[in-house]
Every structure is written in C-alpha cells, then in structure tokens.
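If you want the building blocks of each chain, they are given just below.
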Amino acid sequence: MIQERIEEKLQQAFAPLHLEVINESYMHNVPEGSESHFKVIVVSEQFEGMRLIGRHRAVNCALADELANHIHALAIHTYTDAEWQNQQEGAPASPACRGGSKLG
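Note that the structure is predicted; figures quoted are calculated from it, not measured. (Residues numbered from 1 in each chain as written. Predicted model: local features only at pLDDT ≥ 70, side-chain atom pairs only at ≥ 80, totals over all residues. Heavy atoms only, no water.)

## So, the nonpolar core
Here comes step 1: One finds Ile6, Leu10, Val40 and Val59 to be the most contacted residues of the largest nonpolar core, which totals 13 residues.
Here comes step 2: Counting only elements with at least two residues in this core, the list comes to α1 (2-14) and β2 (37-43). (Core = buried A, V, L, I, M, F, W, Y, C linked by side-chain atoms within 4.5 Å. Buried < 20%, exposed > 50% of the residue type's maximum accessible area, 1.4 Å probe, protein only. Helix = DSSP H or I, 4+ residues; strand = E, 2+ residues; numbered from the N terminus.)

Next comes the structure, spelled out in structure tokens:
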C-alpha cells in the first residue's frame, strides 16, 4: 500500500513526534480504493530553524519515488513541536476537489 510506504519513509527521514498520513483520494473523482491524493502532517525536531520551503523540499525528497510514480496530489503540513503545540485546530482542511484528476 502506498499509504504505508509514505508512513515508513517519513518515519525514517524525520523521526516525527507526530505523524499523520491521510488518504484523501475519496474526495476526488477517482476509482474507489485509490491511493492518489494524500495529506501529511509531520511534527519533527528536524524542522527547527528550517524555513517552510526547506521543510516541504525535504518531504518531497523523502517521497520522490511516490510523487513521480503514484501520488497525484500531496498536501504537506510541517511543524516543529512548539508550532504543533500552538495549533488550536490542527492542520488546515484540504480544499474541495476541482475536478482536475478525472481518469479518462
């Protein structure tokens, strides 16, 4: 399963204090059971002192194979422990599907 592979790779790369890998494929126009759209929430001490773009690049690098071959969309939410503790409502919700991933 792609979701499990994503979880394993993010665990190995970031030793996260908190990790969520959410399959959001059901929110899109794809066949039932698809693994094409994900949201990841990664809380790691490795993000201390890193700019947001650097954090996202690091996640993209860790998931390079999945992004090149399996994942259509990836929402990335990265936090330090202190930033995560200050989140009142968790990570933002993903936007509604705009129909860009129709299979044909």
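## Let's talk about the sheet that holds strand β3 (residues 73-79)
Here comes step 1: Spatial strand order, β1-β2-β3: three strands in an open sheet with mixed pairing. The open sheet terminates on both sides in strands that have one partner only, identified here as β1 (18-23) and β3. For this sheet, the mean angle separating the axes of adjacent strands, direction not counted, is 10°.
Here comes step 2: Judged from the seven bridges that link them, β2 and β3 form a sheet pairing that is parallel. Within β3, the position partnered with Lys39 by the bridge is Ala75.
Here comes step 3: Against the sheet, α1 makes contact with β1 and β2, and its axis sits at roughly 160° relative to β1, the strand it touches most.
Here comes step 4: Of the strands in this sheet, β2 and β3 are in contact with helix α2 (residues 52-62), which crosses β3 at around 125°. (Pairing = 2+ DSSP bridges. Axes fitted to C-alpha atoms, helices over the stretch in contact; angles between N-to-C directions. Contact = heavy atoms within 4.5 Å.)

## Here's the deal with the packing of aromatic side chains
Here comes step 1: Taken as a whole, this structure holds two aromatic pairs when the rule is applied.
Here comes step 2: Their ring planes at 40° and their centres at 5.3 Å tell us that Phe14 and Phe47 sit as a pair that is tilted. Of this pair, Phe14 sits in helix α1 while Phe47 sits in the loop between β2 and α2, and the two are 33 residues apart along the sequence. Per residue, the accessibility class of Phe14 equals that of Phe47, and both read buried.
Here comes step 3: Look at Tyr79 and Trp84: their rings are 5.2 Å apart centre to centre, the planes differ by 50°, and that puts the pair in the tilted class. Here Tyr79 and Trp84 have matching classes, each one buried. (Phe/Tyr/Trp six-rings, centres within 6.5 Å; stacked < 30°, edge-to-face > 60°.)

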